[in-house]
Amino acid sequence: MTTLKSRLHDDLTAAIKARDELRSSTLRLTLSAIAYEETAGKTARELSDDEVMKVITREAKKRREAADAFEKGGRAEQAERERAEGEVLAEYLPKQLSDEELSTLVAEAVAEARAGGAEGPKAMGAIMKIVNPKVAGRADGSRVAAEVKRLLAG
């Protein structure tokens, strides 16, 4: 078992013993998503820590989107619950980049892509290929794309 997955299991056990319903249900759902990912496809396999991190990131994004949808639908209690679940999952994710750090990384990628001959809006794909490995889970893809567009436009 990977270290991150075993940490999730240990934290789930502790949450159950502490009768922390929010934390235990969130970790159960996340471990369920990890188990599903491990058995999806033709053969079952053990996920690496990076793959487990991607599953946790995807689950956290689902919580953010659900909270926004509940908020728009006038269901504040459910939105608050989704945000709280997202905060539990955030403890297992790497620290998010600040706007300044993200801007610096994207600016470097833009300069690198321009040195390679990519210009204008068509350079977006090349820049995203350069910047995504550097960001790797520390910023939402939509934030990265928005920053790339902003720098290409100006």
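Residues numbered from 1 in each chain as written. Predicted model: local features only at pLDDT ≥ 70, side-chain atom pairs only at ≥ 80, totals over all residues. Heavy atoms only, no water.

K.L.:
Describe in detail the nonpolar core, supporting the description with residues and values.
P.N.:
Among the nonpolar cores identified, the biggest contains 19 residues, and Leu102, Ile127, Met128, Val131, Val135, Val144 and Val148 are the most heavily contacted of them. Elements supplying a minimum of two residues to this core: helix 5 (99-115), helix 6 (124-135) and helix 7 (141-153). Ignoring any residue separated from it by four or fewer positions in sequence, one finds Ile127 in contact with Ala109, Val110, Ala113, Val148 and Leu152. (Core = buried A, V, L, I, M, F, W, Y, C linked by side-chain atoms within 4.5 Å. Buried < 20%, exposed > 50% of the residue type's maximum accessible area, 1.4 Å probe, protein only. Helix = DSSP H or I, 4+ residues; strand = E, 2+ residues; numbered from the N terminus. Contact = heavy atoms within 4.5 Å.)

K.L.:
Break down unusual backbone geometry for me, with residues and values.
P.N.:
Here the phi dihedral of Arg19 falls at roughly 60°; this positive angle occurs in a residue that is not glycine. As for its position among the elements, Arg19 is in the loop between helix 1 (3-17) and helix 2 (21-39). What makes Arg19 exposed here is its relative accessible area of 75%.

K.L.:
Can you lay out the pattern of salt bridges for me, pointing to particular residues and giving the numbers?
P.N.:
Within the structure shown, the criterion is met by 16 salt bridges. The partner of Glu51 in a salt bridge is Arg45, with the nearest N and O atoms 2.9 Å apart. Residue Glu112 is joined to Lys134 by a salt bridge in which the shortest nitrogen-to-oxygen separation is 3.6 Å. One end of the pair, Glu112, is in helix 5; the other, Lys134, is in helix 6, with 22 residues separating them in the sequence. Classification of Glu112 as partly exposed rests on a relative accessible area of 44%. According to the relative accessible area criterion, Lys134 is partly exposed, its value standing at 31%. Through salt bridges with shared partners, a single network forms among Glu21, Glu59, Lys62, Arg63, Arg81, Glu82 and Glu85. (Salt bridge = Lys/Arg side-chain N within 4 Å of Asp/Glu carboxyl O.)

K.L.:
Residue-level account of the environment of Arg64, with values.
P.N.:
Its location among the elements puts Arg64 in helix 3 (residues 49-72). Residues Arg64 and Ala44 lie 20 residues apart in sequence; the distance between their C-alpha atoms is 29 Å.

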